[in-house]
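So you can see what is in the structure, the chains are spelled out below.
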Amino acid sequence: MKSFFSAFHQPVAGFFLLRCSVAGLLILHGIAKLLNGLGPIEGMLVSVGLPAFLAYGVMLGEVVAPLLVLANVMVVPAALVMAFNMVVAVALVHTSQFFTLGKSGGWALELQGLYFFGSLAIALMAPRKT
């Protein structure tokens, strides 16, 4: 039985799966923003006193950075950009939900949390390039 479970110790495959799932799912949000525009995000930024052009940072956090993570290029900085993108998203849109539970009993921000903590895990686990 011990050899059965030891066969699942595949850190390289696990890291690949984590990179593909977090970045692959996050990039879908970026594609939606590419197709539908950044107007709502620009409005949110302006409403808190920030310049509207900062909305283009979403393209970095939800398109460019996930592409880099998927390509296994500059993984640590790209994953940190993805994590920062989620911090900004929560600060702009979801602060009122931070300490709340959803209808099914889970944290109301579990998706944002998974993207944030998944991105941090990617940054922490990325192999060092020598």
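The preceding data block contains the structure.
Presented here is an overview of the structure given in this document. Bear in mind the structure is a predicted one, so any value in this text is a computation, not a measurement.

**Section: a nonpolar patch on the surface**
A cluster of nonpolar side chains, contributed by Leu25, Leu28, Ile31, Leu34 and Leu35, occupies part of the molecular surface with about 520 Å² of accessible area. Note that Leu35 resides in helix 2 (residues 11-36).

**Description of unusual backbone geometry**
A positive phi angle, close to 60°, is found at Asn72, a residue other than glycine. Checked against the element boundaries, Asn72 lands in the loop between helix 4 (57-70) and helix 5 (75-94). Not every positive phi belongs to a glycine, and Met74 is a case in point at roughly 50°. Overall, the relative accessible area of 53% leaves Met74 in the exposed class.

**A look at the layout of surface pockets**
The space that makes up the largest pocket amounts to roughly 550 Å³. Around the largest pocket sit 25 residues that line it, and Val58, Glu62, Asn85, Val88 and Ala89 are the ones nearest its centre. Top element by residues in the lining of the largest pocket is helix 5. It accounts for nine residues. Residue composition of the lining of the largest pocket, by class: 17 nonpolar, six polar and two charged.

**Comments concerning the nonpolar core**
By size, the foremost hydrophobic cluster in this structure holds 15 residues, and its most contacted members are Val69, Met82 and Ile122. Those elements that place two or more of their residues in this core are helix 2, helix 4, helix 5 and helix 6 (110-125). When residues of this core are assigned to their parent elements, the largest contribution, five residues, is made by helix 5. Look past the residues within four positions of Met82 in its chain and what remains in contact with it is Val22, Ala23, Leu26, Gly61, Ala65, Pro66, Val69 and Ser119.

**Brief notes about the environment of Gly37**
Looking at the secondary structure, you find Gly37 in the loop between helix 2 and helix 3 (39-47). The partly exposed category is assigned to Gly37, whose relative accessible area is 33%. In this structure, the C-alpha to C-alpha distance between Gly37 and Gly105, residues 68 residues apart in sequence, is 33 Å.

**Structural notes on the pattern of salt bridges**
On inspection of all chains with the given rule, the structure shows one salt bridge. Note that Glu62 is salt-bridged to Lys33, the shortest N-O span being 2.9 Å. Of this pair, Glu62 sits in helix 4 while Lys33 is found in helix 2, placing the two residues 29 residues apart along the sequence.

**Regarding the side chain of His94**
The topology assignment puts His94 in helix 5. In this structure the side chain of His94 is engaged in a polar contact, spanning 3.1 Å, whose partner is the side chain of Gln112. In this structure, His94 is in contact with Ala89, Leu109 and Gln112, ignoring residues within four places of it in sequence.

Reading the values: rules and limits
- Residues numbered from 1 in each chain as written.
- Predicted model: local features only at pLDDT ≥ 70, side-chain atom pairs only at ≥ 80, totals over all residues.
- Heavy atoms only, no water.
- Patch = residues over 30% accessible without salt bridge, like charges linked within 9 Å, V, L, I, M, F, W, Y side chains within 5 Å.
- Areas by Shrake-Rupley, 256 points an atom, 1.4 Å probe, with all protein chains shown as cover.
- Salt bridge = Lys/Arg side-chain N within 4 Å of Asp/Glu carboxyl O.
- Helix = DSSP H or I, 4+ residues; strand = E, 2+ residues; numbered from the N terminus.
- Buried < 20%, exposed > 50% of the residue type's maximum accessible area, 1.4 Å probe, protein only.
- 1 Å grid on protein atoms, 1.4 Å probe; cavity = no way out; pocket = protein on both sides within 12 Å on 5 of 7 lines; lining within 4 Å.
- Points joined across faces, edges and corners; volume = space filled by probe spheres on them.
- Nonpolar A, V, L, I, M, F, W, Y, C, P; charged D, E, K, R; others polar.
- Core = buried A, V, L, I, M, F, W, Y, C linked by side-chain atoms within 4.5 Å.
- Contact = heavy atoms within 4.5 Å.
- Polar contact = N/O pair within 3.5 Å; in protein donor to acceptor, adjacent residues only side chain to side chain.

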